[in-house]
Amino acid sequence: MGLFSGLFRSRDKPKNSTAGSTYTFYMGGSTSGKRVTEQSAMQMTAVYSCVRILSEAVAGLPLHLYKYNDKGGKEKAIEHPLYRILHDEPNPEMTSFIFRETLMTHLLLWGNAYSQIIRNGKGEIVALYPLMPNKMKVDRDENGVLYYEYTHSSDEADTMKNTTVRLSSYDVLHIPGLGFDGLVGYSPIAMAKNAIGMAIACEEYGAKFFANGAAPSGVLEHPGVIKDPQRVRDSWQSTYGGTANSHRVAVLEEGMKYTPISISPEQAQFLETRKFQINEIARIFRVPPHMVGDLEKSSFSNIEQQSLEFVKYTLDPWVIRWEQALSRALFTEEEKTSMFIKFNLEGLLRGDYVSRMNGYATARQNGWMSANDIRELENLDLIPDEQGGNLYLINGSMLPLKNAGAFANKDTNKEEDTDKNEEVLEVEEPSTDNRDRPSKRTPRTGT
């Protein structure tokens, strides 16, 4: 038994993306020479923008707890304790928006989002508190049972005061990102550290270029031997370096000559490189370029379609991760069959006003939406049931297929023709004038 448990543990042991595995930062080093971490990456405007867009989008979506009713439909489980925790206030310190925004930020930067589940004596969930992913370690014990170790430091400067708390999977809400073992996600920042490092290098290059007065560096040539070259360099830098000293007239003494040696930013395609790196970072997070400020390939005709694709291909997978992780960690086995958690994406998919009205008109005329169904989507007050608010209507001119055109029932048509031919002709009253008077006719059938 011990042999099999050891094999199970070595095979399925999860590896955290920030705890020393082969895809970590190695002290944040990248091929560009810049140190890349989750914190330093957020100093890049493109990374900050992508993380903010996605985290605020998920945090701003309506989140509701539903239960199945006896009629085969669903309804909001407002009376359930989880409804208020998810929809309003996960803990006394955070709103639902801040809580989801924080966890989504962790998920985008570290590839994992953790939250401690606080329960009362009855086992009911009373609060959810976020946990920092870089302080969490996921492992299995000798029996193959998953557990979480969280290292808490009361003093950041003194690592000797760190305390480690072991939590079971019953007490942790874990939302993993993309990973290889299905348990722990990879950090997108660690996986794309070279692209982000290059973007940081380009940004620093531009900042230093303008800090030197937007002038290229060069060489000071002297016909003789300089006893203290460091003093000459510092004197030149303090006199002509920096944006405050730009365009000043340089005075060279003792036959000195200044020769620029650096190429210009245009020749190095500095701006094109920065633009490409911004698109590269947007590609990592699957965010449309127009949402991070790049409108080069966007127009009035395609920007709405790009926004819809953002909801479908970017937000929807993240939302599914959230919904399934919340259901798995927060529901009991009985509740998993009778309740579900749902983010409402309808508001982002509605489109413009004219498109919505045309869609509502089609749904209303075909009988699969009532007036109250439409008003609820538009956040309008519902019409009372006695006034027909929940009435489902259909266009009256529509006929069954068997009674329409060439598909009409021939037997039915024959019966209708027979009924018409069996009508009794009207009998005229006798006239005193016998001339040209028609003879009295009797009822007849047939033709």
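In what follows, the accompanying structure is described. (Residues numbered from 1 in each chain as written. Predicted model: local features only at pLDDT ≥ 70, side-chain atom pairs only at ≥ 80, totals over all residues. Heavy atoms only, no water.)

All right, on to the overall build of the protein then. The secondary structure content of the protein amounts to 14 helices and eleven strands. Here the protein holds 447 residues, and 33% of them are scored as buried. In the protein, the proportion of contacts linking residues at least 24 apart, taken out of those at least 6 apart, comes to 61%. Counting every atom, the protein has about 29100 Å² of accessible surface; 54% of that belongs to carbon and sulfur. (Helix = DSSP H or I, 4+ residues; strand = E, 2+ residues; numbered from the N terminus. Buried < 20%, exposed > 50% of the residue type's maximum accessible area, 1.4 Å probe, protein only. Contact = heavy atoms within 4.5 Å. Areas by Shrake-Rupley, 256 points an atom, 1.4 Å probe, with all protein chains shown as cover.)

Turning our attention to the environment of leucine 65. Counting through the fold element by element, leucine 65 comes out in strand β1 (residues 63-68). Accessibility expressed as a relative area gives 1% for leucine 65, which makes it buried. Along the primary structure leucine 65 and arginine 84 are separated by 19 residues, whereas in three dimensions their C-alpha atoms are 9.1 Å apart.

For the rest of this paragraph, the subject is helix α10 (residues 303-330). Along an α-helix, a turn takes 3.6 residues, which lines up residues three or four apart on a common side. Here α10 contains 28 residues, and its C-alpha end-to-end distance of 38 Å stays within 8% of the 40 Å for a straight helix at 1.5 Å per residue. Leucine 315 marks the point of greatest bend in α10, at about 45°, and the proline proline 317 comes within the next four residues. (Expected span 1.5 Å × (residues − 1). Bend = angle between axes of the 7 residues up to and from the residue.)

Read across the open sheet, the three strands follow the order β5-β6-β7; overall the sheet is antiparallel. Across the chains shown, the open sheet's two edge strands, defined by having one partner strand only, are β5 (136-140) and β7 (162-168). Within this sheet the neighbouring strands show an average axis-to-axis angle of 25°, counted without direction. The pairing of β5 with strand β6 (residues 146-153) spans five bridges and is antiparallel. When the bridges of β6 are listed, valine 138 appears paired with tyrosine 148. (Pairing = 2+ DSSP bridges. Axes fitted to C-alpha atoms, helices over the stretch in contact; angles between N-to-C directions.)

Further remarks concern empty space enclosed by the protein. As enumerated under the stated definition, the model contains one cavity of 30 Å³ or more in all. What the largest cavity holds in volume is close to 50 Å³. The wall of the largest cavity is formed by Leu63, Ile85, Leu86, Pro90, Ser96, Phe99, Arg100, Leu128, Trp322 and Leu326. Within the residue set of the lining of the largest cavity, elements represented by two or more residues are α4 (81-87), α5 (96-110) and α10. With three residues, α5 is the largest single contributor of residues to the lining of the largest cavity. Each residue belonging to the lining of the largest cavity can be placed in one class, and the counts come to eight nonpolar, one polar and one charged. (1 Å grid on protein atoms, 1.4 Å probe; cavity = no way out; pocket = protein on both sides within 12 Å on 5 of 7 lines; lining within 4 Å. Points joined across faces, edges and corners; volume = space filled by probe spheres on them. Nonpolar A, V, L, I, M, F, W, Y, C, P; charged D, E, K, R; others polar.)

In space, the three strands of this open sheet follow the order β4-β3-β8, with antiparallel pairing throughout. Two strands lie at the open edges of the sheet, namely β4 (125-131) and β8 (172-176), each paired on one side alone. Across the sheet, the mean angle from the axis of one strand to that of its neighbour is 25°, orientation sign disregarded. Of the strands in this sheet, β3 (112-119), β4 and β8 are in contact with α5, which crosses β3 at around 140°. Relative to β8, α10 is tilted by about 155°, and along the sheet it contacts β3, β4 and β8.

This part covers the pairing of β8. Here β8 lies mainly inside the structure; four of its five residues are buried. Inspection of the sheet shows β3 paired to β8 by five bridges, in the antiparallel sense. Residue tyrosine 114 lies in a different strand from β8, and its bridge partner there is histidine 174.

With respect to the helices and strands, alanine 199 occurs in helix α7 (residues 193-211). By relative accessible area, which is 4% here, alanine 199 ends up buried. Setting aside anything within four residues of it in sequence, one finds alanine 199 in contact with Met44, Gln277 and Ile281.

Counting through the fold element by element, arginine 100 comes out in helix α5. Those residues within four positions of arginine 100 in sequence are excluded, and the remaining contacts are Val58, Ala59, Leu61, Leu63, Trp322 and Phe343.

In this section: the nonpolar core. Of all hydrophobic cores here, the largest spans 56 residues; its most connected members are Val47, Leu54, Phe285, Trp322 and Leu330. For this core, the element with the most residues is α10, which contributes ten residues. Counting ten residues, the second-largest nonpolar core is a separate cluster that includes Tyr114, Leu131, Leu146 and Leu167. (Core = buried A, V, L, I, M, F, W, Y, C linked by side-chain atoms within 4.5 Å.)

Another point: α5. With 15 residues, α5 should cover 21 Å at 1.5 Å per step; its first-to-last C-alpha distance of 21 Å lies within 8% of that length. Following α5 by one or two positions, glycine 111 has its phi on the positive side, about 85°.

This part covers the environment of alanine 325. With respect to the element layout, alanine 325 can be found in helix α10. A relative accessible area of 7% means that alanine 325 is categorised as buried. Leave out the neighbours within four places in its chain, and alanine 325 touches Leu173, His174 and Ile175.

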